[in-house]
Amino acid sequence: MASRVVIVSSSLLKSGQIDMKSKDFVKDGREIPAVKKKGFAPTGYCDSKLMNMLTCRQLALHLRDTNVTTYSVSPGFCRSELGRNVEMPIFKKMLMLPIMRMVQRTSVQGAQNIIFATILDENYMVNGAMYQDGRVAEPETLYVDGLGDDLGKELWKLSLDLVDEKKQ
C-alpha cells in the first residue's frame, strides 16, 4: 500500500531566503538590512515555507525507492490571523480590508488544496512538486528548481545535525 507525505508551504516561498553560511534562520530569524525595503510578509514565514518545499524535495529523493511520495501544497491566500504579524499602520490595514475580503480564500477553500493532495491518485501527481488549485504550482516549482540541489541537501544535513544535537 502506498503512502504520501503532504507538507504545507506557500507561494511566498519565493520571498524566502536561506543563508547556509550564517544559518541565521536556525535560532533568531533573518534580519533585514535597514537599507533594504521590507516586504509585507514576515521573513520567518517566507523562509519557513521555502524550507518546507526544500524538505519536500529532499524527502522525495530519500524515499524514491519506496512506496512513499511527497508533495508540497500551497493553500492559497486565505483569511487567517497571519496579518496580525504584518507591520503596517492600522489605518492601512483597515483600508485594505474590503479588498482583501474579495481576493482571499476561506479556510475551507484553502483546506481543499491540502485534501486534494492527500486523495488524488498518485499516478497523476509529480513526486516532490508543489500543488495549488489541483495542479502543479509551476512558478513555485520552477523557482525551487532554479535554486539547484545543493541548498536542499545542505538544509537536510543541517536538520539532521540539529536533531542529533538535541538528542545529546
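Everything numeric here is computed off the predicted structure, so don't read it as measured data. (Residues numbered from 1 in each chain as written. Predicted model: local features only at pLDDT ≥ 70, side-chain atom pairs only at ≥ 80, totals over all residues. Heavy atoms only, no water.)

**Student:** Can you walk me through the overall build of the protein in this structure?
**Tutor:** Looking only at helices and strands, one finds five helices and four strands in the protein. Tracing the protein from N to C terminus, the helices and strands come up as β-α-β-α-α-β-β-α-α. The contacts in the protein between residues at least 6 apart in sequence include a share of 79% that link residues at least 24 apart. Within the structure as shown, the protein displays about 11000 Å² of accessible surface, and the carbon and sulfur contribution to it stands at 57%. (Helix = DSSP H or I, 4+ residues; strand = E, 2+ residues; numbered from the N terminus. Contact = heavy atoms within 4.5 Å. Areas by Shrake-Rupley, 256 points an atom, 1.4 Å probe, with all protein chains shown as cover.)

**Student:** How should the sheet that holds strand β4 (residues 135-136) be read in this particular structure?
**Tutor:** Whether parallel or antiparallel, the strands of a sheet pair through hydrogen bonds between backbone atoms. Here we have four strands laid out as an open sheet, ordered β1-β2-β3-β4, and mixed in their pairing. Two strands close off the open sheet at either side, each with one partner strand: β1 (3-8) and β4. Pairing analysis gives two bridges linking strand β2 (residues 68-73) to strand β3 (residues 130-132), with the strands arranged parallel. The partner of Ser-72 across the bridge, within β3, is Met-130. Packing against the sheet, helix α3 (residues 107-119) makes contact with β1, β2, β3 and β4, and its axis sits at approximately 160° to β1. (Pairing = 2+ DSSP bridges. Axes fitted to C-alpha atoms, helices over the stretch in contact; angles between N-to-C directions.)

**Student:** I'm lost on the pattern of salt bridges in this one. Help?
**Tutor:** Opposite charge on two side chains permits them to pair, given that their charged atoms come into close proximity. With the rule as written, the count across this model stands at two salt bridges. Arg-57 is paired through a salt bridge with Asp-145; the nearest N and O atoms lie 2.7 Å apart. Taken as a pair, Arg-57 in helix α1 (residues 43-62) and Asp-145 in helix α4 (residues 138-146) lie far apart in primary sequence, 88 residues in all. Between Lys-157 and Asp-161 there is a salt bridge whose closest N-O contact spans 2.9 Å. Placement of both Lys-157 and Asp-161 in helix α5 (residues 150-167) is noted, with a separation of four residues, approximately one turn of the helix. With relative accessibility at 35%, the residue Asp-161 sits in the partly exposed group. (Salt bridge = Lys/Arg side-chain N within 4 Å of Asp/Glu carboxyl O. Buried < 20%, exposed > 50% of the residue type's maximum accessible area, 1.4 Å probe, protein only.)

**Student:** Hey, could you run me through a nonpolar patch on the surface in this one?
**Tutor:** Together, Ile-90, Phe-91, Met-94 and Leu-95 make up an exposed nonpolar region whose accessible area comes to about 480 Å². Within the element layout of this structure, Ile-90 appears in helix α2 (residues 90-103). Here Ile-90 falls in the exposed class, since its relative accessible area comes to 61%. (Patch = residues over 30% accessible without salt bridge, like charges linked within 9 Å, V, L, I, M, F, W, Y side chains within 5 Å.)

**Student:** Would you explain the side chain of Gln-58 in this entry?
**Tutor:** Mapping Gln-58 onto the fold places it in helix α1. Residues contacting Gln-58, with those up to four places away along its chain left out, are Asp-149, Gly-152, Lys-153 and Trp-156.

**Student:** Explanation requested: the packing of aromatic side chains in the structure shown.
**Tutor:** The relation between two aromatic rings is expressed through the spacing of the ring centres and the mutual angle of the planes. Under the definition given, this model contains two aromatic pairs. With a centroid separation of 6.0 Å and 80° between ring planes, the pair formed by Tyr-71 and Tyr-131 is classed as edge-to-face. Of the two residues, Tyr-71 is situated in strand β2 and Tyr-131 in strand β3; the sequence distance between them amounts to 60 residues. The two residues Tyr-71 and Tyr-131 agree in class, both being buried. Plain terms: the ring middles of Phe-116 and Tyr-131 are 6.2 Å apart, the flat faces sit at 45° to each other, and that makes the pair tilted. Pair noted here: Phe-116 is in helix α3 and Tyr-131 is in strand β3, with a separation of 15 residues, a long-range link. For Tyr-131, a relative accessible area of 3% gives the class buried. (Phe/Tyr/Trp six-rings, centres within 6.5 Å; stacked < 30°, edge-to-face > 60°.)

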